Amino acid sequence: MLKIKDNVDLKELEKFGFELNMANQYVKTRKIDNEYTYKIYITPTHHYIQMIFYQSCTIAKSIQETIFDLIQAGLVEKVSD
């Protein structure tokens, strides 16, 4: 399982297109042709990365790019389930 490191200020996620929602979660939503394709949530309590898929079009590449960018920035760590 991937999570944002505990020592990271979650406001850093805004640099990667994440926005703080009403539930106090950071979320990044990708749209193609005005339809949601996926959302990536970062929970404030545990910093786990959660994904919800709506459609299958070009999701894998876009998610990989987002996660790769977070890893390259040193924000992500792998934890056991």
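Here the structure is a predicted model, which is why all the values come from computation and not from measurement.

Overview of the environment of Ile42
Positionally, Ile42 belongs in strand β4 (residues 35–42). In this structure the C-alpha to C-alpha distance between Ile42 and Leu20, which are 22 residues apart in sequence, comes to 9.4 Å. In this view, Ile42 contacts Ile4, Leu10, Leu13, Phe18, Gln25, Tyr26, His47, Tyr48 and Ile49; residues no more than four positions away in its chain are not counted.

Digging into the side chain of Thr66
If you trace the backbone, Thr66 turns up in helix α1 (residues 59–72). Overall, Thr66 belongs to the buried group, its relative accessible area being 4%. When neighbours within four sequence positions are excluded, Thr66 is seen to be in contact with Phe18, Lys28, Tyr38 and Ile40.

Let's talk about unusual backbone geometry
The backbone phi angle of Asn24 is positive, close to 65°, even though this residue is not glycine. Relative to the helices and strands, Asn24 resides in the loop between β2 (19–20) and β3 (26–32). Classification of Asn24 as partly exposed rests on a relative accessible area of 44%. For His47, which is not glycine, the phi torsion reads 65° and is therefore positive. Mapped onto the elements of the fold, His47 is located in the loop between β4 and β5 (49–53). Classification of His47 by relative accessible area gives buried; the value is 9%.

How each quantity is defined
Residues numbered from 1 in each chain as written. Predicted model: local features only at pLDDT ≥ 70, side-chain atom pairs only at ≥ 80, totals over all residues. Heavy atoms only, no water. Helix = DSSP H or I, 4+ residues; strand = E, 2+ residues; numbered from the N terminus. Contact = heavy atoms within 4.5 Å. Buried < 20%, exposed > 50% of the residue type's maximum accessible area, 1.4 Å probe, protein only.

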